[in-house]
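Observations on the model geometry
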Amino acid sequence: MKLGIVVLEGPYQHEAADTAYNFAKAALEKGHEIFRIFFYHDGVNNATRLMVPPQDDRHIQQRWSELAEKHNLDLVVCIAAAQRRGLLDENEMKRQGKDAHNIAPGFRISGLGQLIEAGVQCDRLVVFGD
Amino acid sequence: MSVVKKFLYVNRKAPHGTIYALESLEVVLIGAAYEQDVALAFLDDGVFQLVKGWDTKELGSKNFQPAYTALGDYDVKTVYVERESLEERGLSEDDLIEMTYEDEDDDFKEKSSVHIVSREEMAKIMAEADVILSF
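Residues numbered from 1 in each chain as written. Chains lettered and ligands numbered in written order. Predicted model: local features only at pLDDT ≥ 70, side-chain atom pairs only at ≥ 80, totals over all residues.

The next thing to look at is the overall build of chain A. Scanning chain A for helices and strands turns up five helices and five strands. When the helices and strands of chain A are read in sequence order from the N terminus, they spell out β-α-β-α-β-α-α-β-α-β. What you see for chain A is a C-alpha radius of gyration of 14 Å, in line with the 14 Å of a compact globule of 130 residues. Projected onto the principal axes, the alpha-carbon positions of chain A cover approximately 45 × 35 × 30 Å. Put simply, of all contacts in chain A between residues at least 6 apart along the chain, 74% involve residues at least 24 apart. (Helix = DSSP H or I, 4+ residues; strand = E, 2+ residues; numbered from the N terminus. Rg over C-alpha atoms; globule rule 2.2 N^0.38 Å. Contact = placed C-beta atoms within 7 Å.)

The next thing to look at is the confidence of the model for chain B. For chain B, per-residue confidence averages 95 on the pLDDT scale, and 99% of positions sit at 70 or higher. For this predicted complex, the interface confidence comes out at an ipTM of 0.91, alongside a pTM of 0.94. (pLDDT = per-residue confidence, 0-100.)

This brings us to the environment of Leu50(A). Topologically, Leu50(A) is positioned in the loop between strand E2 (33-39) and helix H2 (60-71). Residues Leu50(A) and His101(A) lie 51 residues apart in sequence; the distance between their C-alpha atoms is 9.5 Å.

Residue and element names in this part refer to chain A. The terminal C-alpha atoms of helix H1 (residues 16-29), which comprises 14 residues, lie 20 Å apart, in line with the 20 Å expected from a rise of 1.5 Å per residue. Listing the buried residues of H1 in full gives Ala16, Ala17, Ala20, Tyr21 and Ala24. The arc that holds every buried residue of H1, seen down its axis, measures 140°, which confines them to one face. Facing away from the buried side of H1 by over 90 degrees, the exposed positions are Ala26 and Glu29. Where H1 is buried, its residues touch strand E1 (2-7), E2, H2 and strand E5 (124-128). Phi turns positive one or two residues past the end of H1, at Gly31, with a value near 90°. (Expected span 1.5 Å × (residues − 1). Buried ≥ 20, exposed ≤ 12 C-beta atoms within 10 Å, placed from the backbone. Arc of directions from axis to C-beta.)

What follows is the structure in structure tokens.
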């Protein structure tokens, strides 16, 4: 089955981010295709490469990046939601005149159209939120 | 994207206190460009999003309620509001803003987009949707 996944909650704050990851991993192990994972609301914070969790805890961003690399996943962060929360890639850093960027490897910034497209293209769009 | 699917945007949260309502509305407005079959559902505290007369001055946030009344211009013609959610909060249809669209099949007459439905009907509406985005 072709799946789209939507992550609406932030890392560590809410279990939705973990459940989405576990679901994605299990779906891939079962042989399903993941068309896209879209991060929205506070879910965009999953994509910051600057998170430093305690060493004995899971590293949520790294976990996503590794899964993306292993399975060539399309991890998309909503640009509007990202910008108002201080998440920028290198291009946006330059465009907005900021001095840092923080999008982790495997993630890309794009628009809400990517979410609608996932809804249209996928057999199922699975939303993880509050 | 020539496929047309039934999108249902489910709004369950109060308009203020969290950003869910505002960012959901942003998805609806952007999504309108993709010519899908769109409907909105309001239930639980989400019904407060449609209650007339917001005043956000003291909150220091933008009053985005006018965007709901403009949804008809974005081809959003169907808005379901759950009756039980209204009643549980002491609200009725009279408390809600007007939402209308122009019916191109009926001489562009302005018609109400709002349908008050029971919880049971809402479950059926959800079951019939292809894509549910729940905020």
